[in-house]
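What follows is each chain in one-letter form.
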Amino acid sequence: LLRRTSSVSAALSDSTMRVLLLATLLVLCAGFRVPVRMSSAGKDQRATWQSLVRRLSRPDISLVERQTLTLDLLKQAPDVSEALAKAVRERDIESLVEDDPEGQEILEGVKAVRRQILEDILPDLQDRAPEIPTRLAKALRSARESKQAPTAADFRQIQSALAELTPARLQEVLDAAREEISNVFEPIPYNLETPGYEVLARSMGWDSGGKPFDGYEIRRYEDYVAAAAALGGAEDVEMELEASGEGFNKLADYIFGGNQANVQLAMTVPVEMSFPGDEMRFPLPKSSVDSVDLAPKPKDESGVRVVTQASRTLAVRRFPGIATSQEVQRQLSALKIELVEDKLMSIDEAEAASYSVFQYNPPYTLPWVRTNEVVVEISWREGGSAPPAAAEGSAVASAPTDPADAVTMQAAEAAAVAIAEEEVAEMIELLVDSEEDISVDAGDAEDVDGAPVDDAMLVEDAMLDEDDVNEEDGINTSGQGI
């Protein structure tokens, strides 16, 4: 890559070239976004060598820019060599991205994909191995049945397209292809419209310099029009691309002209899958479709319907990699725990809450740079409780000032105490009744005075009243003791 850019890069020594190419391989997959570092005076500072390599790897930059980036990278060759030597010497690849937030994100993405493959995908494939030949045969049979011989109309359409392929049109096609190729490496695809939203708050872990993909964001989305299709029922629904492909294909066909008006619509992101309900949705571009009446009508029996998604407030947690059903549940659990801890949702609300998965990337994007989000709809009132700010360093949101909220907290506290007492009683009963865990028979046990002790006395002595639970087990007004 570097040898083709200019005569300067072609004249590099072999040793320098090896260092640069090795660095390229190590950070190529770290995405293409280049952070602009600004000094207090507003002047650009020198970009990191990792960001220069990422920028060089873009297929859509000009030759002049490529030459300039190559020269800038050459100036940092000693830094590159030192960083690589340290990583090899200490066997610590994380040191290559310690000052590179984007590199840290990609490293977390690689770890996530490894976990998803080893813990989710491979065990699932092993369990479903007997079904694979049958499903493969069914897929091949379906493909053969849907295959049609080209007609005269198809050839006329090809001839018409070739006739319209002027130099300007060809350049448009090449530019679009170059942009699409770059999406192989992009966390968020280029130039795709998304539903409008406003960020209301962020928790401490979101973009606060901590571990990537921690925390959550509160967003208020505007209303928008969407094309929706059922996913076929829980038995056939998996988070993997294969299982959701049928719903995706229905919606893609509608978007790309398979509607009653034969009108093509611009692709948008994210693709939403909602559960329960098992439905997939494509938001339609608001620039051309701002109401259901303006949307092209789906073909009969296409399985697609056009709906209005009302404005809603969502708690959003990002995660990289493959959106397997197991990974989605891990991320969903983490999100709900944070929402309960920050008093944005009660325990009962968290257990009953439905959720959606947002996916932003085409199937060919590298797995470790993919952007996924699990979202839960929440109630949000201006001036109410908010997640803790990053600067505060607190893990607990501010207490609500509304009297109704105070009553709710008192009820939650009483419920927490009752649950704690019940669990204590159950544990004591299990210990008393277990012959394996108790080394002496309850009937032979004696107290300090030599009198026999029965089960009821053990339970009675071990039970705590409400005040004891509050003081000794740490169950306070926020319910943290649970």
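Before any of the text, the structure's been laid out above.
Residues numbered from 1 in each chain as written. Predicted model: local features only at pLDDT ≥ 70, side-chain atom pairs only at ≥ 80, totals over all residues. Heavy atoms only, no water.

(A) Seen up close, the overall build of the protein chain. The helix and strand tally for the protein chain stands at 15 helices and 9 strands. Considering the protein chain as a whole, with its 482 residues, one finds that 37% of them fall into the buried category. A separation of at least 24 residues holds for 67% of the contacts in the protein chain among residues at least 6 apart in sequence. Carbon and sulfur atoms make up 54% of the accessible area of the protein chain, which totals about 28,200 Å². (Helix = DSSP H or I, 4+ residues; strand = E, 2+ residues; numbered from the N terminus. Buried < 20%, exposed > 50% of the residue type's maximum accessible area, 1.4 Å probe, protein only. Contact = heavy atoms within 4.5 Å. Areas by Shrake-Rupley, 256 points an atom, 1.4 Å probe, with all protein chains shown as cover.)

(B) Here's a closer look at the sheet that holds strand β8 (residues 355-359). Taken together, the 9 strands give an open sheet; going across it, the order is β1-β2-β7-β9-β8-β4-β5-β3-β6, and neighbouring strands pair in antiparallel fashion. Of all the strands in the sheet, just β1 (197-202) and β6 (304-309) have a single pairing partner and so form its edges. Neighbour-to-neighbour, the strand axes of the sheet open up by a mean angle of 30°, direction not taken into account. Sheet topology places strand β2 (residues 217-221) next to strand β7 (residues 312-320); 5 bridges connect them, and they run antiparallel. Across the sheet, residue Y221 finds its bridge partner in β7, namely R312. Contacting β7, β8 and β9 (371-377), helix α11 (residues 325-341) crosses the sheet at an angle of about 130° to β7. (Pairing = 2+ DSSP bridges. Axes fitted to C-alpha atoms, helices over the stretch in contact; angles between N-to-C directions.)

(C) Seen up close, the packing of helix α3 (residues 49-56) against helix α4 (residues 63-75). Closest axis-to-axis distance for the α3/α4 pair is 10 Å, and the angle between their directions is 155°. Classified by the angle between their axes, α3 and α4 sit roughly antiparallel to one another. For α3 against α4, the interelement crossing comes out left-handed. On α4, the residues touching W49, L52, V53, R55 and L56 of α3 are E65, R66, L69, T70, D72 and L73. Partitioning the contact of α3 with α4 into residue classes produces 6 nonpolar, 1 polar and 4 charged. (Parallel < 35°, antiparallel > 145°, perpendicular 65-115°, else oblique. Left-handed = near helix turned anticlockwise from the far one by under 90°. Nonpolar A, V, L, I, M, F, W, Y, C, P; charged D, E, K, R; others polar.)

(D) Just the pattern of salt bridges, in detail. Across all of its chains, the model carries 18 salt bridges by this definition. Between R330 and E119 there is a salt bridge; the shortest N-O distance is 3.7 Å. Here E119 lies in helix α6 (residues 101-127) and R330 lies in helix α11, a separation of 211 residues in the sequence. A relative accessible area of 30% places R330 in the partly exposed class. On the accessibility criterion, E119 (47% relative accessible area) is partly exposed. (Salt bridge = Lys/Arg side-chain N within 4 Å of Asp/Glu carboxyl O.)

(E) Molecular detail of the packing of aromatic side chains. Under the counting rule described, the total for this entry stands at 4 aromatic pairs. Here Y197 and Y221 contribute two aromatic rings whose centre-to-centre distance is 4.8 Å and whose plane-to-plane angle is 40°, an arrangement assigned as tilted. Of this pair, Y197 sits in strand β1 while Y221 is found in strand β2, placing the two residues 24 residues apart along the sequence. Given the relative accessible area of 37%, Y197 is considered partly exposed. Grouping aromatic residues by their ring pairs yields a cluster made of Y197, Y221 and F358. Sitting over the ring of Y197, R219 keeps its end group 4.7 Å from the ring centre. (Phe/Tyr/Trp six-rings, centres within 6.5 Å; stacked < 30°, edge-to-face > 60°. Lys NZ or Arg CZ within 6 Å of the ring centre and 35° of its normal.)

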